[in-house]
Amino acid sequence: MIIVNVAGLGIMGWQFFGPSPGAEPAHRFLQEELNLTDIQAQKVDDLRRRYQGKMKIVEDDIADLKKAIMEAAFLSPIDMERVKHLGEVIGDKHTELEYLRFQNVLALKDLFKPEQVEKFQALIRDVFNPRHPPRPDERQDQKLMPKS
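Summary of the structure given here.

What counts, and at which threshold
- Residues numbered from 1 in each chain as written.
- Predicted model: local features only at pLDDT ≥ 70, side-chain atom pairs only at ≥ 80, totals over all residues.
- Heavy atoms only, no water.
- Helix = DSSP H or I, 4+ residues; strand = E, 2+ residues; numbered from the N terminus.
- Buried < 20%, exposed > 50% of the residue type's maximum accessible area, 1.4 Å probe, protein only.
- Contact = heavy atoms within 4.5 Å.
- Areas by Shrake-Rupley, 256 points an atom, 1.4 Å probe, with all protein chains shown as cover.
- Salt bridge = Lys/Arg side-chain N within 4 Å of Asp/Glu carboxyl O.
- Phe/Tyr/Trp six-rings, centres within 6.5 Å; stacked < 30°, edge-to-face > 60°.
- Lys NZ or Arg CZ within 6 Å of the ring centre and 35° of its normal.
- Core = buried A, V, L, I, M, F, W, Y, C linked by side-chain atoms within 4.5 Å.

1. Side note on the overall build of the chain
Then, number 1: In terms of regular secondary structure, the chain is built from six helices and zero strands.
Then, number 2: When the helices and strands of the chain are read in sequence order from the N terminus, they spell out α-α-α-α-α-α.
Then, number 3: Among the 148 residues that make up the chain, the fraction classed as buried is 36%.
Then, number 4: Across the chain, the fraction of contacts at a sequence separation of at least 24, relative to all contacts at a separation of at least 6, is 67%.
Then, number 5: About 9,900 Å² of surface is accessible on the chain, with carbon and sulfur atoms providing 57% of the total.

Right under this line is the structure:
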């Protein structure tokens with residue numbers, strides 16, 4: 001269950017803070033959505049850069065391992081023990097990657113004021129379940145908006 005939670009937060013982190021060519025930078029998006037100060041926005045960007053560097057190393061490791069596992073498929077005879085080991089290492093690397101994303105989210109949360117954390121949580125919820133958004137009575141962001 002913990003791995004599922006970490007993976008879910010990691011996916012959210014990737015969608016917000018991973019590379020997306022042509023997309024608005026994460027700190028600007030969050031600055032607008034959460035009404036961050038300039039200092040908070042800069043800290044968000046600093047965290048993104050720090051964690052992206054760490055995640056890139058792990059992603060490169062995963063790519064190398066996947067290449068090795070594909071190359072093993074064409075060996076004769078196939079060393080299934082090696083393939084199994086590579087698969088396990090790939091799984092471990094994915095867990096490491098998701099944990100880095102989770103740590104990024106925790107670090108971001110610590111930068112925000114309580115009302116910003118509520119809005120951030122609503123954004124996370126939307127990313128977790130984009131096909132099935134929460135019911136109107138569950139949306140945290142509506143609590144922050146004045147009634148019209």
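2. Describing the pattern of salt bridges
Working definition: two side chains of opposite charge can pair if their charged atoms are close together.
Then, number 1: Scanning the model with the defined rule gives nine salt bridges in all.
Then, number 2: Among the ionic pairs, R48 bridges to D45, the shortest N-O distance being 2.6 Å. With R48 and D45 both in helix α3 (residues 38-72), this residue pair falls three residues apart, about one helical turn.
Then, number 3: Classification of R48 by relative accessible area gives buried; the value is 18%.
Then, number 4: Several salt bridges converge on common partners, so that one network encompasses D45, D46, R48 and R49.

3. Details of the packing of aromatic side chains
Geometrically, a pair of aromatic rings is defined through the distance of the ring centres and the angle of the planes.
Then, number 1: Summed over the entire model, instances satisfying the criterion amount to two aromatic pairs.
Then, number 2: Look at F112 and F120: their rings are 5.1 Å apart centre to centre, the planes differ by 70°, and that puts the pair in the edge-to-face class. F120 carries the same exposure label as F112, and that label is buried.
Then, number 3: Above the ring of Y51, the side-chain terminus of K54 is found at 5.2 Å from the ring centroid.

4. Regarding the environment of D92
Then, number 1: Topologically, D92 is positioned in helix α4 (residues 80-111).
Then, number 2: Sequence-wise, D92 and I62 are 30 residues apart; in three dimensions their C-alpha atoms are separated by 9.5 Å.

5. Some remarks on unusual backbone geometry
Then, number 1: Cis geometry marks the peptide bond from S76 to P77, where omega comes out at -5°.
Then, number 2: Here the phi dihedral of N35 falls at roughly 55°; this positive angle occurs in a residue that is not glycine.
Then, number 3: Mapped onto the elements, N35 comes out in the loop between α2 (26-34) and α3.

6. Concerning the nonpolar core
Then, number 1: Core analysis: the biggest nonpolar cluster contains 25 residues, and L30, L34, F112 and F120 have the highest contact counts within it.
Then, number 2: Listed by contribution, the elements that provide at least two residues to this core are α2, α3, α4 and α5 (114-128).
Then, number 3: Among residues more than four places away in sequence, those in contact with F112 are L30, L34, L36, Q40, V44, V117 and F120.

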